[in-house]
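The residues making up each chain are set out below.
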Amino acid sequence: MKKFLTGTAIALTAAALSTGANAAGHSFSACLITKTDTNPFFVKMKEGATAKAEELGIELKSFAGKVDGDHETQVQAIETCIADGAKGILLTASDTSSIVPAVQQARDAGILVIALDTPLEPIDAADATFATDNFLAGELIGKWAAGKLGDAAADAKIGMLDLAVSQPSVGVLRDQGFLQGFGIDLGDPNKWGDETDPRIIGNDVTQGNEEGGRRAMENLLAQDPMINVVYTINEPAAAGAYEALKSIGRENDVLIVSVDGGCPGIKNVADGVIGATSQQYPLLMASLGIEAIKKWADEGVKPEPTEGKAFTDTGVALVTDQPVDGVDSISVQEGTDRCWG
């Protein structure tokens, strides 16, 4: 386990956002801690949290890692929120197991901790989780890809573009959901990379950004230049994979699927860069999280999960203009209208 960093959070990539007329007008403060502040997904999450905090009269302080995977900065942010006496923390963890002791410190201090999008390991290390069903998100794109290929799925050559070597829960769930949806037997469903199906050419990591996606795609193409299906952890990684394929003239004969459903990603579906993507709703996650912190502060009541699940399910929809029989989907136009609401 990585050593905790204590003291002042001088390395934080952080911006304290005053969400009312002035700080004195707020009844209490809350924190939002995301993986980065550059990924459009987290930008939208921040918008949702900020708007709801302003509506409810809460002072919101926002923090982000320098890059996806920057665990130490997130630990420092939690320490800052504890010192500031925040009532609640909304967290998208880069390292979903190593962050748990810091989260426990916050909970011991009476702070409500809600995981957004990315469940902690174990999931009950947070007071609540508001998230997409990430396994289902992966399963939808896996079923779509298999249906799109038809009989050719039996001979597919699949490149897996994952998130990080630490295998945070969100990355494992999407990866394993995709494989199951495609019809590939899983090994240990709690990790990726141990499958034995010969259709999988390999796994590489992207850090969830475009440059990482390009580099990972190049690495996998070096293993087998005839890869024809590419799973990507998110749409920035998908855009990078597309550029790598385009550089060798294969952008039109490889099926790329992804998860997120952000407005730029939906445009890439419309433009043929991505075949299909599973759409999430981060603005909803964040606004519900702020509402839950308000209820905790006012009434001491914690949120309840969706019936039959260990988390509050904020929904997912497959977006494509190439529907496949037996796989529910919405059109690119509908995805555009709903992107990250």
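The structure we're discussing is the one just above.
Now for a look at the structure at hand. What you are looking at is a predicted structure, and each value in this text was computed from that prediction instead of being measured. (Residues numbered from 1 in each chain as written. Predicted model: local features only at pLDDT ≥ 70, side-chain atom pairs only at ≥ 80, totals over all residues. Heavy atoms only, no water.)

A complete count under the given rule lists 2 disulfides for this structure. Between the sulfur atoms of Cys263 and its disulfide partner Cys339 the distance amounts to 1.8 Å. Handedness of the Cys263-Cys339 disulfide follows from its S-S torsion of about 75°: it is right-handed. With Cys263 in helix 8 (residues 263–270) and Cys339 in the segment after helix 10 (332–338), this residue pair connects regions lying 76 residues apart in the sequence. (Disulfide = S-S within 2.5 Å. Helix = DSSP H or I, 4+ residues; strand = E, 2+ residues; numbered from the N terminus.)

So, on to helix 6 (residues 210–223). Here helix 6 is 14 residues long and its end C-alpha atoms lie 20 Å apart, about the 20 Å a rise of 1.5 Å per residue gives. Of the residues making up helix 6, those classed as buried are Gly212, Gly213, Ala216, Met217, Leu220 and Leu221. Along the axis of helix 6, the buried residues cluster in a sector spanning 165°; they form a single face. Each element contacted by the buried residues of helix 6 is listed here: strand 7 (158–162), strand 8 (200–205), strand 9 (229–232) and helix 7 (235–246). The N-cap of helix 6, judged by a side-chain oxygen 3.3 Å from the amide nitrogen of Glu211 a few residues on, is Asn209. (Expected span 1.5 Å × (residues − 1). Buried < 20%, exposed > 50% of the residue type's maximum accessible area, 1.4 Å probe, protein only. Arc of directions from axis to C-beta. Contact = heavy atoms within 4.5 Å. Polar contact = N/O pair within 3.5 Å; in protein donor to acceptor, adjacent residues only side chain to side chain.)

This part is about the pairing of strand 10 (residues 255–260). In terms of burial, strand 10 is largely enclosed, as 6 of its 6 residues are buried. Of the two faces of strand 10, the one lined by Leu255, Val257 and Val259 and the one lined by Ile256, Ser258 and Asp260 are each fully buried. Where strand 9 lies against strand 10, 3 bridges are found, and the strand directions are parallel. In the sheet register, Tyr231 faces strand 10, and the bridge partner there is Val257. Regarding topology, helix 7 serves as the crossover connection from strand 9 to the parallel strand 10, and that connection is right-handed. Note: strand 10 against strand 11 (residues 276–279), 4 bridges, orientation parallel. Looking at the pairing, Val259 lines up with Ser278 of strand 11. (Pairing = 2+ DSSP bridges. Right-handed = clockwise from strand over helix to strand, strands pointing away.)

For the coordinates displayed, the defined rule picks out 3 aromatic pairs. Relative to Phe42, the ring of Phe41 lies with its centre 5.3 Å away and its plane at 90°, an arrangement referred to as edge-to-face. We classify Phe42 as buried; its relative accessible area is 5%. Measuring from ring centre to ring centre gives 5.3 Å for Phe178 and Tyr231, while their planes differ by 35°; the resulting arrangement is tilted. Here Phe178, found in helix 5 (residues 169–182), pairs with Tyr231, found in strand 9; they are 53 residues apart in sequence, far enough to count as distant. (Phe/Tyr/Trp six-rings, centres within 6.5 Å; stacked < 30°, edge-to-face > 60°.)

Turning to the pairing of strand 11, a few remarks are in order. Side chains Ala276 and Ser278 project from strand 11 onto one buried face, and the interleaved Thr277 and Gln279 project onto a second face that is buried too. Once the chain exits strand 10 it traverses helix 8 before rejoining the sheet at strand 11, and the crossover so formed is right-handed. Both strand 11 and strand 13 (residues 317–319) contribute to a ladder of 3 bridges, which runs antiparallel. Residue Ser278 lies in a different strand from strand 13, and its bridge partner there is Leu318.

Assignment of secondary structure puts Thr277 in strand 11. Accessibility expressed as a relative area gives 0% for Thr277, which makes it buried. Among the polar contacts listed, one links the side chain of Thr277 to the side chain of Glu235, at a separation of 2.7 Å. Sequence-distant contacts of Thr277, defined by excluding residues within four places in its chain, comprise Ile141, Glu235, Ser258, Val259, Asp260, Gly261, Ile266, Val269, Ala317, Leu318 and Val319.

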